[in-house]
Amino acid sequence: MDKLVIQGGNKLYGSVTIGGAKNAVVALLPATLLSRDVVVLENVPAIRDVRIMLGIMGQLGAQIKMLDKTTYQIDTRHIGYQVVPNDVAKRLRASYYLIGAMLGTFGKAEVSLPGGCDFGVRPINLHLKGFKSLGADVDVANGMVKASTEGGLTGSSIYMDEVSVGATINVMLAAVKAHGLTIIENAAREPHIVDLANFLNRMGANVRGAGTDVIKIKGVEELHGCQYSVIPDQIEAGTYMAAVAAAGGDVTIKNVTPKHLESIIAKLAECGVDIEEGDDEVRVRRFGELTHCNVKTMPHPGFPTDMQPQIVALLSLASGTSIVNESVWESRFRYVNQLTKLGANINVEGSKMAVIQGVEKLRGACVNATDLRAGAAMIIAGLAAEGETEIEDIYHIERGYEDVVEKFRAIGADMQKRYYPDEDELELHA
Ligand code: EPZ
């Protein structure tokens, strides 16, 4: 088993370059199926979720060529319809985008219910409502989602009862080649929604209004190949910003879109962190005391739920009492008991609110990464803690953070990845 081992206490200095956005690229990759052509995607992050999604597309017959570490040529001219079974789909949440993409490409899809981080119930009723509104027959049985249409989908108006990133994306994927106009109301506004709309339009689609709560899609007959660069990952950027804030130091975070970081910048500044915005970089400095602040996670442009564990780890060290409300997920504080092993003083009330009493210092301990962003929170806490912190189950972290050890070591973190044979790997010699 691999673990991350961190000797805490180093301040961080230098610069780090952010990769392409995980939650954008896991939608752009299935979207290439719609083109039945050749697409070149740049700024693709080197993360496990990308490798898994590329593998699924390869099984569907996509010809994939890695042109360099972050550039892929994806040829979907010879793809064939296939069922996406559970042992494949369960490996990442975004596998459900294959339903919208395959429905839009083949007029049918059969995909196992998705996997993804476990913070309570993660329904897909709005995805299914969207497909039905477009005229598809939809059925969920034996853990499989089946959707099909005779004669193509027909555009319609769809109101999203909850702001849902996944449902907004899935309906966009199904609607771009539907007959007529589709209107998505109460649509999600995240940067990755805008990135997908720009990518689809680059392939010849007609998507308007992405980034607002009303997206209008005029169906087109065909899409074609293109070259496109994935937007920088706002959550990876925010994670490194929070790490500098917690450990202290002076680091420039490069290849970012400052506009996507507005709510994160505002909150870190409120905690006493000094942030200087450039065109495509932000400089983060913290040498003084961290002060408490309150946070409520909201759909974009609010404070992102995917930065909630990271800001809670930071606020564990801020003087005074901070309150963090999680309004998107029903139970996204399960990682808090790992932070308390490091000496944090946090009470989770109900399942939607954490009350954090800042402590003077955290002390290294052995903790688990219970999911992707919880793992990032353990890194942040471990960097600031006194002594050694070991983080287990780091495969969660590697799903969404490329070259995480190399990037942190390059800014001065004392961090390494160690291999520990677990019990069934140990050859016990009599
Ligand atoms: C995406 O998940 C992200 N994952 C999540 O990031 C992120 O936390 C979430 O959006 C919110 O920003 C990917 O993009 C792969 P939602 P998604 O549909 O699409 C409810 C990470 O760390 N809902 O926006 O699954 C749902 O229960 C991951 O990178 C329904 O009720 O989230 C939740 O309360 C973790 N019915 C709210 O909407 C539905 O059909 C938002 O969920 C769909 C969602």
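Residues numbered from 1 in each chain as written. Predicted model: local features only at pLDDT ≥ 70, side-chain atom pairs only at ≥ 80, totals over all residues. Heavy atoms only, no water.

**Student:** Explanation requested: the site of the ligand in the structure shown.
**Tutor:** Near the ligand lie 23 residues; those nearest to it are Asn 125, Ser 164, Val 165, Asp 306 and Val 328. Within the side chain of Arg 93, one N or O atom sits 3.1 Å away from an oxygen atom of the ligand. The fraction of the free accessible surface of the ligand (820 Å²) that becomes covered by protein chains is 92%. Contributing elements (two or more residues each) for the shell around the ligand: helix H1 (22-31), helix H5 (125-133), helix H6 (165-175) and helix H12 (372-384). Ranked by the residues each element gives to the shell around the ligand, the list is headed by H5, at three residues. Split by residue class, the shell around the ligand holds 10 nonpolar, six polar and seven charged. (Near = heavy atom within 4 Å. Polar contact = N/O pair within 3.5 Å; in protein donor to acceptor, adjacent residues only side chain to side chain. Areas by Shrake-Rupley, 256 points an atom, 1.4 Å probe, with all protein chains shown as cover. Helix = DSSP H or I, 4+ residues; strand = E, 2+ residues; numbered from the N terminus. Nonpolar A, V, L, I, M, F, W, Y, C, P; charged D, E, K, R; others polar.)

**Student:** Looking at this structure, how should I read the sheet that holds strand E7 (residues 137-141)?
**Tutor:** What holds strands together in a sheet is hydrogen bonding between their backbones, with the strands either parallel or antiparallel. Strand order across the open sheet formed by three strands is E6-E8-E7, with antiparallel pairing between neighbours. Where the open sheet ends on each side, the last strands, each with one partner, are strand E6 (108-112) and E7. Direction aside, neighbouring strands of the sheet carry axes that sit 10° apart on average. Lying on the sheet, helix H4 (residues 97-106) is in contact with E6 and strand E8 (144-148); it crosses E6 at an angle near 160°. (Pairing = 2+ DSSP bridges. Axes fitted to C-alpha atoms, helices over the stretch in contact; angles between N-to-C directions. Contact = heavy atoms within 4.5 Å.)

**Student:** I would appreciate a short explanation of the pattern of salt bridges in the present structure.
**Tutor:** Oppositely charged side chains can form a pair if their charged atoms are brought close together. On inspection of all chains with the given rule, the structure shows 19 salt bridges. Close ionic contact of Lys 3 with Glu 390 constitutes a salt bridge, the shortest N to O distance being 3.2 Å. Taken together, the residues span a long stretch of sequence, with Lys 3 in strand E1 (residues 2-7) and Glu 390 in strand E22 (residues 388-392) at a distance of 387 residues. The two residues Lys 3 and Glu 390 agree in class, both being buried. The salt bridge involving Asp 306 is made with Arg 332; its shortest N-O contact spans 2.8 Å. Of this pair, Asp 306 sits in the loop between strand E17 (295-297) and helix H10 (308-315) while Arg 332 is found in the loop between strand E18 (321-326) and helix H11 (336-341), placing the two residues 26 residues apart along the sequence. For Arg 332, a relative accessible area of 3% puts it in the buried group. The network of salt bridges with shared partners includes Asp 2, Arg 48, Glu 398 and Lys 417. (Salt bridge = Lys/Arg side-chain N within 4 Å of Asp/Glu carboxyl O. Buried < 20%, exposed > 50% of the residue type's maximum accessible area, 1.4 Å probe, protein only.)

These results come straight from atomic positions and should not be treated as a statement about function.
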